[in-house]
Amino acid sequence: MSNNIPSKGYAAKDASGKLSPWQFERRPVGDNDILIDIKYASICHSDIHQMKGDWGKQQYPQVPGHEIAGIVAAVGKNVTKFKVGDRAGVGCMVDSCMTCDSCTHGEEHYCDNNATIFTYGYPDKTSPSGISQGGYSNNIVVRDHFAVRIPDHIRLEEAAPLLCAGITTYSPLVNANFNIGDKVGVAGIGGLGHLAVKLAVSKGAEVYAFTTSPDKVKDILAFGAKEAIVVDDIAKLKPYKKKLDYMISTIPAQYDVAAYASVVKPRGHYTQVGMPVGFELTLSNIGLANSRVNFNASLIGGIPETQEVVHYCADNHILPQIQIIKAEEINDAWLKVMNKEARYRYVIDAATF
């Protein structure tokens, strides 16, 4: 396949946060590439942040989407990992240098040579448009290393959110090394947070979920949390001071980090995975100092760990709660995500592009 491959999808044409249909081209399938016919692509809050320029000036048109599941339609001559007809997924990155220490140790997202190409909006010399184009489309060409196998015992539409929301929460939870019975907090119960609750419960944690949405309480308890705390006033955190062994926050906006961190025991750990506007959080140094909590942040996970979470969730029936939508419903779904109305991951049926 030596010619560019026609593709169609929905793209941002400016920073308005509105998407519209766009026809474009993918690169030809190279020797180490696979072509995936996309079946489903889910909506991440990151898509909205980036398209609106919240994380810096963007090049348009740009197709968002980094939770992608589909069927392999073609493979390059050097590819042995996949064959035509296999089920495959693509997450938050599509290439890196593949030679540095980080890349050769399964942390391609932390490429030491700054050569990671994230799935959309990043300079990409192989892309006809000059930037990587994401999964709100009917196909994608990707280096085989950056695609993961999707096992047969999970539906493609349920696997898609695992490629970002799943790995973003799984990686820090696994690396926290908490023990069975430990008290684990999850702050922000949206697309990422609801999976964090399910994953932590599956690892044996006693989960405390903190939300600003009272109508999510019933769902949160159904996900397996011991308690769902509605934080309509920061004072609601006080009864939980120094109670938890670990906390993960998926809140993608400015908030009182020190107040939330105060619920973790001294010397415990608190991981931030939600990415606010400008990538920056305002922290109270004295607040964190008084709590004596170790604050850290985490960014997705490497390809081996991403493959691991897909298999783990398939094997243990840990599935995202999804709503299937048509392409024409994307803009409405984005508004609902911003208004905290998603329950809990919108998944686009790529047949409607």
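See the structure shown above.
Just so you know, these numbers come straight off a predicted model, no measurement behind them.

## Examining the sheet that holds strand E10 (residues 183-187)
Moving on, step 1. The six strands lie next to each other as E12-E11-E10-E13-E14-E15, forming an open sheet whose pairing is parallel. Lying at the two open borders of the sheet, with one neighbouring strand each, are strand E12 (227-230) and strand E15 (294-297). Neighbour-to-neighbour, the strand axes of this sheet turn through a mean angle of 20°, independent of strand direction.
Moving on, step 2. Inspection of the sheet shows strand E14 (residues 264-272) paired to E15 by four bridges, in the parallel sense.

## Quick look at empty space enclosed by the protein
Moving on, step 1. Going through the model one piece at a time under the given rule, you end up with one cavity of 30 Å³ or more.
Moving on, step 2. Lining the largest cavity are 13 residues; nearest its centre among them are Gly91, Cys92, Leu163, Ile303 and Thr306.
Moving on, step 3. Secondary structure elements with two or more residues in the lining of the largest cavity: strand E5 (87-90) and helix H9 (303-316).

## A look at the packing of aromatic side chains
Moving on, step 1. In this structure the tally under the stated criterion is twelve aromatic pairs.
Moving on, step 2. Consider the rings of Tyr10 and Phe353, whose centres lie 6.0 Å apart with planes at 50°: the pair is tilted. In this pair, Tyr10 sits in strand E1 (residues 5-12) while Phe353 sits in the segment after strand E17 (345-349), placing the two residues 343 residues apart along the sequence.
Moving on, step 3. A relative accessible area of 14% means that Tyr10 is categorised as buried.
Moving on, step 4. Aromatic side chains Tyr170 and Tyr312 sit 5.7 Å apart centroid to centroid with 45° between the ring planes, which places their arrangement in the tilted category. Pair noted here: Tyr170 is in helix H4 (residues 165-175) and Tyr312 is in helix H9, with a separation of 142 residues, a long-range link. Here Tyr170 matches Tyr312 in class, with each residue buried.

## Looking at a positive patch on the surface
Moving on, step 1. A contiguous patch of positive charge, built from Lys238, Lys241, Lys242, Arg267 and Arg292, is present on the exposed surface.
Moving on, step 2. Position of Arg267 among the secondary structure elements: in strand E14.

## Concerning helix H5 (residues 191-202)
Moving on, step 1. The terminal C-alpha atoms of H5, which comprises twelve residues, lie 17 Å apart, in line with the 16 Å expected from a rise of 1.5 Å per residue.
Moving on, step 2. Most of H5 sits inside the fold, with ten of its twelve residues counted as buried.
Moving on, step 3. Those residues of H5 that fall on the buried side of the exposure criterion are Gly191, Leu192, Gly193, His194, Leu195, Ala196, Val197, Lys198, Leu199 and Ala200.
Moving on, step 4. One or two positions beyond H5, positive phi appears at Gly204, with a value near 95°.

Cut-offs used in this document
- Residues numbered from 1 in each chain as written.
- Predicted model: local features only at pLDDT ≥ 70, side-chain atom pairs only at ≥ 80, totals over all residues.
- Heavy atoms only, no water.
- Pairing = 2+ DSSP bridges.
- Helix = DSSP H or I, 4+ residues; strand = E, 2+ residues; numbered from the N terminus.
- Axes fitted to C-alpha atoms, helices over the stretch in contact; angles between N-to-C directions.
- 1 Å grid on protein atoms, 1.4 Å probe; cavity = no way out; pocket = protein on both sides within 12 Å on 5 of 7 lines; lining within 4 Å.
- Points joined across faces, edges and corners; volume = space filled by probe spheres on them.
- Phe/Tyr/Trp six-rings, centres within 6.5 Å; stacked < 30°, edge-to-face > 60°.
- Buried < 20%, exposed > 50% of the residue type's maximum accessible area, 1.4 Å probe, protein only.
- Patch = residues over 30% accessible without salt bridge, like charges linked within 9 Å, V, L, I, M, F, W, Y side chains within 5 Å.
- Areas by Shrake-Rupley, 256 points an atom, 1.4 Å probe, with all protein chains shown as cover.
- Salt bridge = Lys/Arg side-chain N within 4 Å of Asp/Glu carboxyl O.
- Lys, Arg positive; Asp, Glu negative; His and termini not counted.
- Charge placed at Lys NZ, Arg CZ, Asp CG, Glu CD.
- Expected span 1.5 Å × (residues − 1).

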